[in-house]
Amino acid sequence: MCAAKKHATATRPGRIKLADVAAASGVHYSTVSRVLRPGSKGRISDVVAEHVRTVAQELGYQPNTIAASMRTKSTRSIGLIVHDMSDPVYPPILNAIEAVLSPEGFVVLVGNTGYDIEVEMNIVNKMASRLVDGIFVATTRLEDPIVARCQDLGIQLVSVLRQTQTEETPAVVNDCLGGMQTLTRQVLASGHRDIAVILAPQNLSTARERWLGIRDTLTEHRIALPDHRIAFVERMSADEGLEATKALLTADDQLPDAIMCVNDLVAIGAIRACRDEGLGIPADISISGYNDIPLVDMIDPPLTTVRMRLDKIGKAAGELMLAHLGSPKLPAQTIRIDAELVLRKSLQHLKR
């Protein structure tokens, strides 16, 4: 193996080609192709592969993705549809997905829907026109026209965080039912009996499971949840959490012992609403969330919540997409990632 000829092609006009890398690295063209072309098969020693990659980097080689797409019938691109990428739940999932897909030569294209189903449909159509190999959908509803549209287009789907009613789409989700059951038991074990809840639309599997986790656990302990102790948010944001909490605080002359929120952003809004009313957390009302997004351990007081392993969810989703792209006839499966209770100071232990 000869040393790389750093200057032999440095001034050559036009795109650096595989043949240039082969000439500079002193190895056969087919070897360079197997090292640098995503999805290529063949056993290449680590030493040779590293040498080829080093030479390619020195020469400034960039793969011709258009030519590769025509040759392989694959654009090596995957879509990811989210409501709002500024939601702290999504970045860890994207990072984990990219960690799985990037070594396989894939790039992830992100589309933000702004909670607008027409925008979402438009994003799907645009991704389809770009011939994406698959789409991760993190906006899935129990009955979802977007899922049906992708199936009509023959696009491989993987649902992330949520799933459809019939579970006909491969999905990676959090165990929201079990997670919320565990949290509700802890709230009860802490002495709370007059509990209020802030829920999300029940056409989402996550929201539905979290509500069932609360309802079923309270029923097991023969604790009633009257209508005036239930509030809903359309978007799971701090602003809507603040407004929902204000409504709960004025719905009855007696304050609830605790407010259980559908997610952490809603819980942050609930804390703000209580503070605006001069109430102490948890001295007057305990508050809990769900997700364990970054920095909720740094707010005052640190938030009791349920941790979703977003990195695990993203990794499993990436692996599931690769599996289905490699074997399109694989049956759909739902992978459920366990949740973990995280106790912090926003939940007070009452003495009864």
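The model shown is predicted, which means the values in this text are computed figures rather than measured ones.

### Regarding the nonpolar core
Stage number 1. Counting residues in hydrophobic clusters, the biggest one holds 71 residues, and the most contacted among them are Phe136, Leu161, Ile198 and Ile287.
Stage number 2. What Leu161 contacts, discounting residues up to four positions off in sequence, is Val89, Tyr90, Ile93, Val172, Val173, Asn174, Ser205, Thr206, Met308, Leu310 and Ile313.
Stage number 3. Grouped together as the second largest cluster of nonpolar side chains are 16 residues, Val21, Val27, Val35 and Val52 included.

### Points about the sheet that holds strand E3 (residues 134-137)
Stage number 1. Reading across the sheet, the six strands line up as E2-E1-E3-E4-E5-E11 and stay open at both edges, with parallel pairing between neighbours. If you trace the sheet from one side to the other, it starts and ends with strand E2 (107-112) and strand E11 (334-337), each paired once. Each strand axis lies, on average, 20° off the axis of its neighbour in the sheet, ignoring direction.
Stage number 2. Taken together, the six bridges between strand E1 (residues 77-82) and E2 define a ladder with parallel strand orientation. Across the sheet, the residue bridging to Ile78 is Val108, located in E2.

### Overview of the packing of helix H1 (residues 18-25) against helix H3 (residues 46-59)
Stage number 1. Contact geometry of H1 with H3 gives a least axis separation of 9 Å together with a crossing angle of 115°. By crossing handedness, the relation of H1 to H3 is classed as right-handed. In this structure, H1 uses Asp20, Val21, Ala24 and Ser25 to contact H3, whose residues at the interface are His51, Val52, Val55, Ala56 and Leu59.
Stage number 2. Counted by class, the contact of H1 with H3 contains six nonpolar, two polar and one charged residues.

### Overview of the pattern of salt bridges
Stage number 1. Under the counting rule described, the total for this entry stands at 11 salt bridges.
Stage number 2. Across the pair Asp194 and Arg229 runs a salt bridge, and its minimum N-O distance is 2.9 Å. Of this pair, Asp194 sits in the loop between helix H8 (176-189) and strand E6 (195-199) while Arg229 sits in the loop between helix H9 (205-220) and strand E7 (230-232), placing them 35 residues apart in sequence.
Stage number 3. Salt-bridge contacts for Arg272 lead to Asp276; the nearest nitrogen and oxygen are separated by 3.1 Å.

### Some points on helix H7 (residues 145-153)
Stage number 1. The set of residues buried in H7 consists of Ile146, Val147 and Cys150. All buried residues of H7 project into a common sector of 100° when viewed along the axis, lining one side.
Stage number 2. Looking at the buried positions of H7, the neighbouring elements they touch are helix H6 (117-129), E3 and strand E4 (156-161).
Stage number 3. For H7, the side-chain oxygen to backbone nitrogen distance between the N-cap and Ile146 is 2.8 Å, and the N-cap itself is Asp144.
Stage number 4. With its phi angle positive at about 75°, Gly154 sits one or two positions after the end of H7.

### A look at the packing of helix H10 (residues 238-249) against helix H11 (residues 264-276)
Stage number 1. Close contact between H10 and H11 brings their axes to 7 Å; oriented N to C, the two are set at 50°. Taken together, the axis directions place H10 and H11 in an arrangement best described as oblique. The two elements H10 and H11 meet at a crossing, and its hand is right-handed. Contact residues: H10 offers Ala238, Gly241, Leu242, Thr245, Lys246 and Leu249, while H11 offers Leu265, Val266, Gly269, Ala270, Arg272, Ala273, Cys274 and Asp276.
Stage number 2. The residue inventory of the contact of H10 with H11, partitioned by class, reads eight nonpolar, three polar and three charged.

### Quick look at the sheet that holds strand E8 (residues 258-261)
Stage number 1. Sheet architecture is open: four strands sit in the order E7-E6-E8-E9, paired in parallel fashion. Unpaired on one side and paired on the other, E7 and strand E9 (286-288) mark the two borders of the sheet. For this sheet, the mean angle separating the axes of adjacent strands, direction not counted, is 15°.
Stage number 2. Examined bridge by bridge, E6 and E7 share three bridges and lie parallel to one another. Bridging from a neighbouring strand, Ile198 pairs with Ala231 of E7.
Stage number 3. With respect to the sheet, H9 is in contact with E6, E7 and E8, its orientation differing from that of E6 by roughly 160°.
Stage number 4. The sheet contacts of H11 involve E6, E8 and E9, and relative to E9 the element is tilted by about 160°.

### A closer look at the packing of aromatic side chains
Stage number 1. A full pass over the atoms with the stated rule returns zero aromatic pairs.
Stage number 2. The lysine or arginine in question, Arg76, covers the ring of Phe106, its NZ or CZ lying 4.2 Å from the ring centre.
Stage number 3. Positioned above the aromatic ring of Tyr290 is the side chain of Arg210, whose terminal nitrogen or guanidinium carbon lies 4.0 Å from the ring centre.

### Examining the state of the cysteines
Stage number 1. Tallied over the entire structure, the rule returns zero disulfides.
Stage number 2. Here Cys261 stays unpaired: no disulfide links it, and the sulfur of Cys274, its closest cysteine neighbor, is 8.6 Å away.
Stage number 3. Under the relative-accessibility criterion, Cys261 is labelled buried at 1%.

Cut-off values and rules
Residues numbered from 1 in each chain as written. Predicted model: local features only at pLDDT ≥ 70, side-chain atom pairs only at ≥ 80, totals over all residues. Heavy atoms only, no water. Core = buried A, V, L, I, M, F, W, Y, C linked by side-chain atoms within 4.5 Å. Buried < 20%, exposed > 50% of the residue type's maximum accessible area, 1.4 Å probe, protein only. Contact = heavy atoms within 4.5 Å. Pairing = 2+ DSSP bridges. Helix = DSSP H or I, 4+ residues; strand = E, 2+ residues; numbered from the N terminus. Axes fitted to C-alpha atoms, helices over the stretch in contact; angles between N-to-C directions. Left-handed = near helix turned anticlockwise from the far one by under 90°. Nonpolar A, V, L, I, M, F, W, Y, C, P; charged D, E, K, R; others polar. Salt bridge = Lys/Arg side-chain N within 4 Å of Asp/Glu carboxyl O. Arc of directions from axis to C-beta. Polar contact = N/O pair within 3.5 Å; in protein donor to acceptor, adjacent residues only side chain to side chain. Parallel < 35°, antiparallel > 145°, perpendicular 65-115°, else oblique. Phe/Tyr/Trp six-rings, centres within 6.5 Å; stacked < 30°, edge-to-face > 60°. Lys NZ or Arg CZ within 6 Å of the ring centre and 35° of its normal. Disulfide = S-S within 2.5 Å.

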